[in-house]
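The lines below spell out each chain.
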Amino acid sequence: MKAIFNKKITFVIIGLLGMVLAVTVSGCKVNEAISSKTGAQLWGENCRRCHNAPDPNTFSPEQWKTVGMHMQTRALITNVERDKIVAFLQQ
Amino acid sequence: MKQYITIITIALLTSTFAKAQTKDTIEVQKIGDKYYVIVDHPKVDTTKQFAPAPAPPPTISKTFDSHFMVVGLATIGFLNTWSVNKVNTPTGVVSTKLPTTNSFGDVAHYEFSPMFLWRHSDNILVEFEPSFSNGSLGVNWADITYFAYPGVILRAGYIVLPFGTYNKRLAAGWICKLPTDPVSITSSPVGSDWGIELEGGQQTGKMKVNYDVALTNGFTLSATDGSIANPDVNAVDNNLGKTVTGRFGWLPALNSGVEIGASGLWGKAGDANTAYKNVSTAMGALDFQWVYAKKPVAINIKAEADMQYVTNASYSNPNPPTVSDTTYTYKNLSYGYYGMFSIRPIVADKFFRNVEFAVRYSSYQSPKGSAFENRQDQISAGVCYWINWRTVFKIGYENLITTNPDNNELAITNLKNTQNILYVQFSVQF
């Protein structure tokens, strides 16, 4: 049990170091904040991470509001992203 | 050593992907004076996206229809299986060809699951998904979700454990690009359980992070062979110890195209007041995804590695080699992984635009020395034809090899089964 945990801790530390490295590399070049994006752009980027991006004609504006809440629990997007995406899908 | 190399390779790949992702890779096209998102919906007018501010969401109306939705999924299919058994004997390999079978209904993969969504208020959502599959009616999830603050969502009920990404995000037939699920997922005991959950997402500077933590009843341990199982939806918890499961997700790229996640799970598994009361389980998973779409192709890479560990215990041997040696023990560690790659052309042609090719490899190793030891190797390849964003017709081919080695202590003889399976499947989200 102990040996397994020690091994696992090393595993996790190496994983975290890898993540820090990747953050540093990706962080250098970015110059546009996510919050400045439009609803359509956020829809194109976030709503096709798991499945195809949904067609805005699929549901009514009230239904999109429900789906927005539902998908927030899966995609773990921020409230700002959710509200912009829902507003875009409702138009 | 092998796992360090894997981790470092993943980290390097990630940084490369992340760097490539700092530009917008969701291409928007201008035709005349209108803009179109070219992937998935070439005809969707996105001129609206250039409007300065989004319209405020309409206030909730009080009618039943506006609060209540029935959605869901349905998957049906056909399969044809060719199967061979091989046994290693002292005189050589004995090979037995099993009868070829085929079946409409595809028993293991059909599913009819309506989902009821009730938006109780701006902050509360109720979701319930009963499911008809594998010959029985069951429940995939049933929970109440409370949107407490921005970035803090609370949930209680029968929930999908936040472990890895496959179960909660990718398992639906209209989402998964291949007709089957990976063996590393189907062989893992992780599923849905009763409990409470806390989850949310945050933007931190130029990237996003998310978390998902649950406290649930936990697994049950079989006193017969040490295997662990998800309790039945009706079961009363078998001990006082609760199980903690958590996943941390990180989206390093500005366009959310890359996500890396690490999950862990700890909890008691043995029945209270038995010799197994202290037996507990620890699990871990790493997941990765990269979603890309820019002319001429859309690419999707998804991968997840899982391991399950159960602390040591002795179990009684059904076929003891001697009268005095009636118990056995083994290192109760299982592990598996899968990697999926898919590619879809972004072209003007109406037919080819809807075609997606996918390949996947998955393997799973159950504990060595256990009564249920085996290794599964699964290679899958398939073509999807997307009738629309949520309706898909799939043709797939799979090679599945299951190997059980000899175990003299438990009097188990080796067996290697090879299956080649052709699938035709149709899946919709409704």
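Structure first, text after, so check above.
Focus: the overall build of chain A
Turning to step 1, where the next piece is worked out: Helix and strand counts for chain A come out as 4 helices and 0 strands.
Turning to step 2, where the next piece is worked out: When the helices and strands of chain A are placed in sequence order, the string is α-α-α-α.
Turning to step 3, where the next piece is worked out: Split into buried and exposed, the 91 residues of chain A put 57% on the buried side.

Quick word on the overall build of chain B
Turning to step 1, where the next piece is worked out: Secondary structure assignment for chain B yields 4 helices and 23 strands.
Turning to step 2, where the next piece is worked out: A burial count over chain B gives 49% of its 430 residues as buried.
Turning to step 3, where the next piece is worked out: In chain B, 60% of the contacts between residues at least 6 apart in sequence involve partners at least 24 apart.
Turning to step 4, where the next piece is worked out: Carbon and sulfur atoms form 65% of the exposed surface of chain B, whose accessible area is close to 19700 Å².

Side note on the environment of B:I387
All names here are of chain B.
Turning to step 1, where the next piece is worked out: Its place among the elements puts I387 in strand β21 (residues 375–388).
Turning to step 2, where the next piece is worked out: On the accessibility criterion, I387 (47% relative accessible area) is partly exposed.
Turning to step 3, where the next piece is worked out: Distance in space between the C-alpha atoms of I387 and V428 is 9.6 Å, their sequence separation being 41 residues.
Turning to step 4, where the next piece is worked out: In contact with I387, not counting residues within four places along its chain, are F393 and F426.

Overview of helix α4 (residues 79–90) of chain A
Turning to step 1, where the next piece is worked out: Under the 1.5 Å per step criterion, the end-to-end length of α4(A) is 16 Å for 12 residues, consistent within 8% with the ideal 16 Å.
Turning to step 2, where the next piece is worked out: In this structure, the buried residues of α4(A) make contact with α2 (39–46) and α3 (61–75) of chain A together with β7 (136–149) and β10 (207–216) of chain B.

With respect to the pattern of salt bridges
Turning to step 1, where the next piece is worked out: Applying the stated criterion to the full structure yields 21 salt bridges over all chains.
Turning to step 2, where the next piece is worked out: A salt bridge links B:E127 to A:R74; the shortest N-O distance between them is 3.1 Å. Here B:E127 is found in strand β6 (residues 124–133), whereas its partner A:R74 is found in helix α3 on a different chain. Just as B:E127 is buried, A:R74 falls in that class too.
Turning to step 3, where the next piece is worked out: With a shortest N-O distance of 3.3 Å, B:E199 and B:R155 are connected by a salt bridge. With B:E199 in strand β9 (residues 192–204) and B:R155 in strand β8 (residues 152–160), the pair connects residues that are 44 residues apart, well separated along the chain.

Overview of the environment of B:W82
Turning to step 1, where the next piece is worked out: Structurally, B:W82 can be placed in strand β3 (residues 68–89).
Turning to step 2, where the next piece is worked out: Residues within four places of B:W82 in sequence aside, it is in contact with B:T100, B:T418, B:Q419, B:N420 and B:L422.

Notes on the packing of α3(A) against α4(A)
Residue and element names in this part refer to chain A.
Turning to step 1, where the next piece is worked out: Relative orientation of the contacting elements α3 and α4 amounts to 150°, with a least axis distance of 9 Å. Compared by their axis directions, α3 and α4 come out roughly antiparallel. For the element pair α3 and α4, the recorded crossing hand is right-handed. Seen from α3, the contacting residues are P61, W64, K65, G68, M69 and Q72; seen from α4, they are N79, R82, V86, L89 and Q90.
Turning to step 2, where the next piece is worked out: Considering only residue class, the contact of α3 with α4 consists of 5 nonpolar, 4 polar and 2 charged.

Definitions and cut-offs
- Residues numbered from 1 in each chain as written.
- Chains lettered and ligands numbered in written order.
- Predicted model: local features only at pLDDT ≥ 70, side-chain atom pairs only at ≥ 80, totals over all residues.
- Heavy atoms only, no water.
- Helix = DSSP H or I, 4+ residues; strand = E, 2+ residues; numbered from the N terminus.
- Buried < 20%, exposed > 50% of the residue type's maximum accessible area, 1.4 Å probe, protein only.
- Contact = heavy atoms within 4.5 Å.
- Areas by Shrake-Rupley, 256 points an atom, 1.4 Å probe, with all protein chains shown as cover.
- Expected span 1.5 Å × (residues − 1).
- Salt bridge = Lys/Arg side-chain N within 4 Å of Asp/Glu carboxyl O.
- Axes fitted to C-alpha atoms, helices over the stretch in contact; angles between N-to-C directions.
- Parallel < 35°, antiparallel > 145°, perpendicular 65-115°, else oblique.
- Left-handed = near helix turned anticlockwise from the far one by under 90°.
- Nonpolar A, V, L, I, M, F, W, Y, C, P; charged D, E, K, R; others polar.

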